[in-house]
Amino acid sequence: MRAFDNSQLNVLIDAFGESLVLTDGSQLNVIFESITVAIDTAEGFVETQETYLTTKKGLMDYSSTFTYQGNLQVVYNIVDDLSGIINVYFRESI
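Here's what I pulled together on the structure shown here. Because the structure is predicted, anything quoted here is derived from the model rather than measured. (Residues numbered from 1 in each chain as written. Predicted model: local features only at pLDDT ≥ 70, side-chain atom pairs only at ≥ 80, totals over all residues. Heavy atoms only, no water.)

Things to note about the nonpolar core
Here is step 1 of the chain: One finds Leu20, Phe32, Leu53, Met60, Phe66 and Val88 to be the most contacted residues of the largest nonpolar core, which totals 14 residues.
Here is step 2 of the chain: Residue contacts for Phe66: discarding those within four places in its chain leaves Leu20, Val21, Leu22, Thr23, Leu53, Met60, Asn71, Leu72, Gln73 and Phe90. (Core = buried A, V, L, I, M, F, W, Y, C linked by side-chain atoms within 4.5 Å. Buried < 20%, exposed > 50% of the residue type's maximum accessible area, 1.4 Å probe, protein only. Contact = heavy atoms within 4.5 Å.)

The following block contains the structure:
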């Protein structure tokens, strides 16, 4: 995959993103996205929505936490497709 340069990343994230403040006080722009996840069980398919965010590589890691929809969230997976953008999967902290 072709990597975005920094200028292209800024245009993409700024055009579609929104501000997110991490628990440590740092602020970054992210794009919230969701996908449908289907699991085949003995009773049939179970579908759910999984929400994740997209941001520039290097701004978040597995120790990042933030509040989303009023709940503290923790990162549990980061997918790097080598484009300069990462998909950060998160879930509610227990």
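A closer look at the environment of Ile85
Here is step 1 of the chain: Considering the arrangement of structural elements, one finds Ile85 in strand S6 (residues 85–92).
Here is step 2 of the chain: C-alpha of Ile85 to C-alpha of Thr65: the two residues are 20 residues apart in sequence and 18 Å apart in space.
Here is step 3 of the chain: Once residues within four sequence positions are removed from consideration, Ile85 is found in contact with Phe4, Leu9, Leu12, Thr54, Thr55, Lys57, Val79 and Asp80. (Helix = DSSP H or I, 4+ residues; strand = E, 2+ residues; numbered from the N terminus.)

Digging into the pairing of strand S5 (residues 71–80)
Every regular strand shows the same layout, with side chains that alternate between the two sheet faces.
Here is step 1 of the chain: As defined by bridge partners, strand S4 (residues 65–68) adjoins S5 across 4 bridges and the pair is classed as antiparallel. Note on S5: the bridge partner recorded for Phe66 is Gln73.
Here is step 2 of the chain: The hairpin formed by S4 and S5 contains 2 residues between the paired strands, and Gln69 there has a positive phi angle of roughly 55°.
Here is step 3 of the chain: Judged from the 7 bridges that link them, S5 and S6 form a sheet pairing that is antiparallel. (Pairing = 2+ DSSP bridges.)

These values are about where atoms sit, not about what they do.
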